[in-house]
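Structure assessment
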Amino acid sequence: MAFSVLFVTGAGWLVADRLKDAASGEAWQMIAAYLLMLHGGAAMATLLLLGALVPLHIQRAWRSRRNWITGTTMVAFNALLILSAFGLYYLGSDTIRRWTSNLHIVIGLGLPVLFLVHILIGRRSSSTSRR
């Protein structure tokens, strides 16, 4: 649920941010601000969930040597999202901020696809290991 809220608020913010310079820009500016607040709140909840995944899911899967490639990619992508979010909040340089924003957007929009691939590969390897 938290990942879905992150995706919807992030993608919604992208749209609202692009529309804030339109004729009805003031409303879009307000919508963008609210979406960003919701996105930040969902990110905090997601950090808790990601922390819980380490002992409950990641360590167990790592020890059983299952789904390493997509699992490691998931961990790396989530780490990059966390670091880029930190950078967006704290870095002051416009050049670095633009690069960090683009990185955050690309990874954030791509993560649901990777998440789905990770689940499908995990289920496939789980069903073949039971046979």
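Overview of the structure. (Residues numbered from 1 in each chain as written. Predicted model: local features only at pLDDT ≥ 70, side-chain atom pairs only at ≥ 80, totals over all residues. Heavy atoms only, no water.)

Counting secondary structure elements, the protein chain contains four helices and zero strands. Scanning the protein chain from its N terminus toward the C terminus, one meets helices and strands in the order α-α-α-α. For the C-alpha atoms alone, the extent of the protein chain along its principal axes is close to 60 × 25 × 20 Å. For the protein chain, buried positions account for 24% of its 131 residues. Counting only contacts in the protein chain whose residues sit at least 6 apart along the sequence, the fraction spanning at least 24 positions is 61%. Carbon and sulfur atoms provide 70% of the accessible area of the protein chain, an area that totals close to 9,300 Å². Treating the 12 positive side-chain charges of the protein chain as one cloud and the 4 negative ones as another, the clouds have centres 32 Å apart. (Helix = DSSP H or I, 4+ residues; strand = E, 2+ residues; numbered from the N terminus. Buried < 20%, exposed > 50% of the residue type's maximum accessible area, 1.4 Å probe, protein only. Contact = heavy atoms within 4.5 Å. Areas by Shrake-Rupley, 256 points an atom, 1.4 Å probe, with all protein chains shown as cover. Lys, Arg positive; Asp, Glu negative; His and termini not counted. Charge placed at Lys NZ, Arg CZ, Asp CG, Glu CD.)

Attention now goes to the layout of surface pockets. Roughly 1,300 Å³ of internal volume is contained in the largest pocket. Along the wall of the largest pocket there are 40 residues; nearest its centre are Leu 6, His 39, Ala 43, Ala 85 and His 104. Of all elements in the fold, only helix 1 (2-19), helix 2 (25-63), helix 3 (68-90) and helix 4 (94-130) reach the threshold of two or more residues within the lining of the largest pocket. Across the lining of the largest pocket, the residue classes break down as 24 nonpolar, twelve polar and four charged. In this structure, the second largest pocket occupies an estimated 740 Å³ of space. Listed by contribution, the elements that provide at least two residues to the lining of the second largest pocket are helix 2, helix 3 and helix 4. Of all the elements, helix 2 adds the most residues to the lining of the second largest pocket, at nine residues. Of the residues belonging to the lining of the second largest pocket, the class tally is 14 nonpolar, ten polar and three charged. (1 Å grid on protein atoms, 1.4 Å probe; cavity = no way out; pocket = protein on both sides within 12 Å on 5 of 7 lines; lining within 4 Å. Points joined across faces, edges and corners; volume = space filled by probe spheres on them. Nonpolar A, V, L, I, M, F, W, Y, C, P; charged D, E, K, R; others polar.)

With that out of the way, let us pick up the pattern of salt bridges. Across all of its chains, the model carries two salt bridges by this definition. With a closest N to O distance of 3.6 Å, Arg 18 and Asp 17 form a salt bridge. Assessed through its relative accessible area of 15%, Asp 17 is described here as buried. Put simply, Lys 20 and Asp 17 hold a salt bridge, and the shortest N to O gap is 2.8 Å. Among the ionic contacts, a cluster of salt bridges with common partners joins Asp 17, Arg 18 and Lys 20. (Salt bridge = Lys/Arg side-chain N within 4 Å of Asp/Glu carboxyl O.)

Another aspect to go through is the packing of helix 2 against helix 3. In a pair of packed helices, the angle between the axes and the distance between the axes together describe the arrangement. Across the interface, helix 2 lies against helix 3 with an axial gap of 12 Å and an inter-helix angle of 160 degrees. By the angle between their axes, helix 2 is roughly antiparallel relative to helix 3. Between helix 2 and helix 3 the crossing geometry is left-handed. Facing helix 2, whose interface residues are Leu 47, Leu 50, Ile 58, Ala 61 and Trp 62, helix 3 presents Trp 68, Thr 72, Val 75, Asn 78 and Ile 82. (Axes fitted to C-alpha atoms, helices over the stretch in contact; angles between N-to-C directions. Parallel < 35°, antiparallel > 145°, perpendicular 65-115°, else oblique. Left-handed = near helix turned anticlockwise from the far one by under 90°.)

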